[in-house]
Amino acid sequence: MIRTKDIQQSFTKIQNKIIKEFMILDNLSRKKTKKWKHHSGGGGLSCEIIGVNNIEKAAVNFSSITGKRLPDSAIEKKELKALKDFKATGVSVIIHPINPKAHCAHMNIRFFEAKLNKKNIWWFGGGFDLTPYFINKQDINFWKNSAKDLCERHDKSYYKKYNKSCNDYFYIPHRKEPRGIGGIFFDQLNSPGFDSCLNFTLDCADTFIRSYSHLFEKKAKLKYSEKEKAFQLYRRGRYVEFNLLYDRGTLFGLQSGGRTESILMSMPPLVTWNSKYDFKIYENKLLEMFSLARK
């Protein structure tokens, strides 16, 4: 297993780039970093960004851990359940803006190495998605086209399947609704070759920060009402429900014995499931936009 060192270096650069960009987006933010070690080997660097102007909270976390058995949450294919002696490296990003009209977003990239019947195998995974509370068709099209352009730079077949994977994955069954407008989501990517897969994964992270920053700068200074802020806090509840009940990244972190504070750092700082307001008009419009984005 000789590839992980190269991946660690590339992923650390991505982490630093996104931290720098988020701090620029807020202008007066401060960051709290925590270096931690994993009980079976490896560790990570967690970075929490607390904003003043535009960002309520963001997290940009790097981890690279080892273990004897890969948790089931990291495996889709049954034949891979015999994997042993794994190394898992990744960067996970979440941002919760202050302004309800600026969008919550998530991105992660990951790389796995393991042994299967004494043979070394590897694969990449990752993707990004957008969880808005107020959004229009123009911004939906921009986000979707950014993801499509990314995919077509590498393989014209990627967008259709990775967009569908994102829509299927970021869905809340007990609410019978999507978590957001989607993006792309890929897993167990190991073809056509290591360099091609790595380049696509790194381009995914670069596309995310470039596209997200464009939307954020358009929205972060817009005026909003007390009711619109309350709607943001209410809809954040859906984000929390998905992450705690269904998110494979959360499950993997907990099942593999990761640092709990880093795993749950994606949670929004303020959220509510109750409100004095009637949000029917806001919610109907939002779900209409979700439906449009999935076409």
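About the cut-offs
Residues numbered from 1 in each chain as written. Predicted model: local features only at pLDDT ≥ 70, side-chain atom pairs only at ≥ 80, totals over all residues. Heavy atoms only, no water. Helix = DSSP H or I, 4+ residues; strand = E, 2+ residues; numbered from the N terminus. Rg over C-alpha atoms; globule rule 2.2 N^0.38 Å. Areas by Shrake-Rupley, 256 points an atom, 1.4 Å probe, with all protein chains shown as cover. Lys, Arg positive; Asp, Glu negative; His and termini not counted. Charge placed at Lys NZ, Arg CZ, Asp CG, Glu CD. Pairing = 2+ DSSP bridges. Axes fitted to C-alpha atoms, helices over the stretch in contact; angles between N-to-C directions. Contact = heavy atoms within 4.5 Å. Expected span 1.5 Å × (residues − 1). Buried < 20%, exposed > 50% of the residue type's maximum accessible area, 1.4 Å probe, protein only. Arc of directions from axis to C-beta. Polar contact = N/O pair within 3.5 Å; in protein donor to acceptor, adjacent residues only side chain to side chain.

Novice: How would you explain the overall build of the protein if you had to name every residue and give the values?
Specialist: When helices and strands are tallied, the protein shows 8 helices and 9 strands. For the protein, whose C-alpha radius of gyration is 19 Å, the value lies close to the compact-globule estimate of 19 Å for 295 residues. Dimensions along the principal axes, computed over C-alpha positions, put the protein at roughly 60 × 40 × 35 Å. On the protein, roughly 14000 Å² of surface is accessible, and the fraction owed to carbon and sulfur atoms is 52%. With 52 positive and 30 negative side-chain charges, the protein shows a separation of 2 Å between the mean positions of the two kinds.

Novice: Lay out the sheet that holds strand S2 (residues 42-50) in plain terms, naming residues and giving numbers.
Specialist: Across a sheet, paired strands are connected by hydrogen bonds in the backbone, their directions being either parallel or antiparallel. Ordered in space as S1-S2-S3-S4-S5-S6-S9, the 7 strands form an open sheet in which the pairing is antiparallel. Only two strands of the sheet have a single neighbouring strand rather than two, namely strand S1 (30-37) and strand S9 (182-189). Ignoring which end each strand starts from, the neighbouring axes of this sheet average 5° apart. In the packing of helix H4 (residues 194-219) onto the sheet, contacts are made with strand S3 (55-69), strand S4 (84-97), strand S5 (104-116), strand S6 (119-131) and S9, and the angle to S6 comes to roughly 15°.

Novice: Hey, could you go over helix H2 (residues 137-154) for me, with residue numbers and the actual values?
Specialist: Each full turn of the α-helix corresponds to 3.6 residues, which orients residues three or four apart in the same direction. Between its terminal C-alpha atoms H2 stretches 26 Å, which fits the 26 Å expected from 18 residues at 1.5 Å a residue. Along H2, the positions that sit buried rather than exposed are Asp 139, Ile 140, Trp 143, Lys 144, Ser 146, Ala 147, Leu 150 and Cys 151. Angular distribution of buried residues about the axis of H2 spans 145°; they occupy a single face of the element. The exposed residues of H2 that point more than 90 degrees off its buried face are Lys 137 and Gln 138. Elements that come into contact with the buried residues of H2 comprise S6, helix H3 (158-169), S9, H4 and helix H8 (280-293). Here H2 starts with a cap whose side-chain oxygen sits 3.2 Å from the backbone nitrogen of Gln 138, and that cap is Asn 136.

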